[in-house]
Amino acid sequence: MTRSLVSVLTLSFLYALTACSSSDSGNANPGGSFGAVGDPSASTGGNNTGGPGASTGGSKATGGGTATGGSTTPAPQPGALCAACTKDVDCTGAGAMCLKNNNTGEMFCGNDCSSGASCPDGYKCVTLSGKVAGEQCAPNSESCKAPTSVGNGGAGSGTSGGTGDGQKDPACDAGFRGPFCANDKIIGFDAGPAGNPSATLEEVRQFSLSAVNYLRSRTCLPPLVLDSCLNKIGTTANEAIPSLGIHGYFIQNCMNQSHQFGSACECSWTQENYGMAGGSNRSWKEGVIVPLCAMMEEPFGQGHRGNIENTKWTRLGVGITYDSSSASWCHEFGVNP
């Protein structure tokens, strides 16, 4: 009888959602939040009352969102969802508001999603607070701008170079939602022969990176770059699991108030996925792939999948232990410093 074990865990945090004033469009509030342009109750010098953690109905995310198509997505029609705006009348949808990302100052049209109305794929329903209240569809990535592609070696001083073996889907589709895997294998990804038990740590890391980047390529996302600083963090986090628990090191050293809940961490570290698989008929390669396949079965824009497909992340660290029949790993995601 084949015995196997698969485990995947992630950690989520809340985004605060606040309203801002159109007269203060140049003063973005911190916290990665959205507001309704035209609300006079907030954003006067950046001291709003809906700071991190104050949202009553904000959406859960794992690092700021996922792919919405990048540069391959056609520009929206004027007034449509995600179209640029400066006031509510610029937005043509019923109940649509002109929203502002208080972190970046970007303004774009939302869509009313109150009373249980659903948002399109790639968008989430966010709750605004302040005198201008409401619920509006906003992109999972919190931006309507195309993501910037990161080339090999372009992700900061910690980058060790390399984006895996370069495999990618040549016929990518920004709107592809799955399936990504079948029979515990990534569709279209050449994993090669069973994992060599004597493979070096660098070879195992590159394989893990290749698998993640191939999954990202299915929706036309740029590859992540392996980062030496995040590798060290991942190694420490993985080794700390017996004493601190899964994500224990992440919570202690990044996902807490002193590190602005993932916004001010060492090496521009932002989020973490954990996976493990093993069994008598498995190899360390399957220990990497099987949890990744389980993650990609999660809802679009959420959990582990939200991290894998996030348009903001540019770098990856891999902390991994492995043997001939299993692998246990932490994937540490980071942005450009």
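A few points on the structure. The model shown is predicted, which means the values in this text are computed figures rather than measured ones.

Definitions and cut-offs
- Residues numbered from 1 in each chain as written.
- Predicted model: local features only at pLDDT ≥ 70, side-chain atom pairs only at ≥ 80, totals over all residues.
- Heavy atoms only, no water.
- Helix = DSSP H or I, 4+ residues; strand = E, 2+ residues; numbered from the N terminus.
- Buried < 20%, exposed > 50% of the residue type's maximum accessible area, 1.4 Å probe, protein only.
- Contact = heavy atoms within 4.5 Å.
- Areas by Shrake-Rupley, 256 points an atom, 1.4 Å probe, with all protein chains shown as cover.
- Salt bridge = Lys/Arg side-chain N within 4 Å of Asp/Glu carboxyl O.
- Pairing = 2+ DSSP bridges.
- Expected span 1.5 Å × (residues − 1).
- Disulfide = S-S within 2.5 Å.
- Axes fitted to C-alpha atoms, helices over the stretch in contact; angles between N-to-C directions.
- Parallel < 35°, antiparallel > 145°, perpendicular 65-115°, else oblique.
- Left-handed = near helix turned anticlockwise from the far one by under 90°.
- Nonpolar A, V, L, I, M, F, W, Y, C, P; charged D, E, K, R; others polar.
- Core = buried A, V, L, I, M, F, W, Y, C linked by side-chain atoms within 4.5 Å.

## Quick notes on the overall build of the chain
When its secondary structure is counted, the chain shows six helices and 15 strands. Every one of the 337 residues in the chain was classed for burial, and the buried ones make up 52%. Considering only contacts within the chain whose residues lie at least 6 apart along the sequence, 70% involve residues at least 24 apart. When the accessible surface of the chain is summed, it comes to about 14200 Å², and 51% of that surface belongs to carbon and sulfur atoms.

## Observations regarding unusual backbone geometry
In this structure, the amide linkage connecting Gly178 to the following residue, Pro179, adopts the cis form with an omega of 5°. At Ser268, a position not held by glycine, the phi torsion is positive, near 55°. Here Ser268 is to be found in the loop between helix H4 (248-253) and strand E13 (269-279).

## A look at the pattern of salt bridges
The full count for this structure, using the stated rule, is five salt bridges. Measuring nitrogen to oxygen at the nearest pair gives 3.5 Å for the salt bridge that ties Lys87 to Asp90. The class for Asp90 is partly exposed, based on a relative accessible area of 26%. Here Arg315 makes a salt bridge to Asp227, at a shortest N to O gap of 2.8 Å. One end of the pair, Arg315, is in strand E14 (residues 315-323); the other, Asp227, is in the loop between strand E12 (225-226) and helix H2 (228-239), with 88 residues separating them in the sequence. The buried category is assigned to Arg315, whose relative accessible area is 2%.

## Overview of the sheet that holds strand E8 (residues 123-128)
Sheet architecture is open: three strands sit in the order E7-E9-E8, paired in antiparallel fashion. The sheet is open, and its two borders are formed by strand E7 (111-112) and E8, each paired with just one other strand. The pairing of E8 with strand E9 (residues 134-139) spans six bridges and is antiparallel. Of the residues in E9, the one forming a bridge with Cys125 is Cys137.

## Quick word on helix H1 (residues 201-217)
Taking 1.5 Å as the rise per residue, H1 with 17 residues should run 24 Å; its terminal C-alpha atoms sit 24 Å apart, in good agreement. In terms of residue burial, H1 counts as a mostly covered element, since 14 of its 17 residues are buried.

## Quick notes on the state of the cysteines
Taken as a whole, this structure holds nine disulfides when the rule is applied. The disulfide that involves Cys85 links it to Cys98, with 2.1 Å between the sulfurs. Between Cys85 and Cys98 the disulfide shows an S-S torsion of about 95°. By sign, it is right-handed. Residue Cys85 is located in the loop between strand E4 (60-61) and strand E5 (98-101), and its partner Cys98 is located in strand E5; the two are separated by 13 residues in the primary sequence. Bridging Cys119 to Cys137, the disulfide has an S-S length of 2.1 Å. Between Cys119 and Cys137, the S-S dihedral sits near -90°, and the bridge is therefore left-handed.

## Looking at helix H5 (residues 284-295)
Its 12 residues place the ends of H5 17 Å apart at the C-alpha level, agreeing with the 16 Å of an ideal helix rising 1.5 Å per residue. Along H5, 10 of the 12 residues are buried, which leaves the element largely enclosed by surrounding structure. Residues of H5 that are buried include every one of Trp284, Lys285, Gly287, Val288, Ile289, Val290, Pro291, Leu292, Cys293 and Met295, and no others.

## Some details on the pairing of strand E15 (residues 326-334)
Among the nine residues of E15, eight are classified as buried, and the element is accordingly described as predominantly covered. Bridging between E13 and E15 involves nine bridges; their strand directions are antiparallel. Its bridge partner being in E15, Gln271 is matched across the sheet by Phe333.

## Let's talk about the environment of Gly334
Relative to the helices and strands, Gly334 resides in strand E15. For Gly334, a relative accessible area of 0% puts it in the buried group. If we ignore the near neighbours within four places in the chain, the residues touching Gly334 are Leu230, Ser268, Trp269, Thr270, Trp313, Thr314 and Arg315.

## Brief notes about the packing of H1 against H5
For the pair H1 and H5, interaxial distance at closest approach is 10 Å and the crossing angle is 30°. When the axis of H1 is compared with that of H5, the two are roughly parallel. Seen from above, H1 lies across H5 with right-handed handedness. On H5, the residues that touch Val204, Phe207, Ser208, Ala211, Val212 and Leu215 of H1 are Trp284, Lys285, Val288, Ile289 and Leu292. A breakdown of the residues in the contact of H1 with H5 according to their chemical character gives nine nonpolar, one polar and one charged.

## Brief notes about the nonpolar core
One finds Ile186 and Leu292 to be the most contacted residues of the largest nonpolar core, which totals 30 residues. No other element matches the seven residues that H1 contributes to this core. Ignoring any residue separated from it by four or fewer positions in sequence, one finds Leu292 in contact with Ala211, Val212, Leu215, Ile308, Trp329 and His331. In terms of nonpolar packing, the next biggest core, distinct from the first, is built from 15 residues, Ile241, Tyr249, Met255 and Tyr274 among them.

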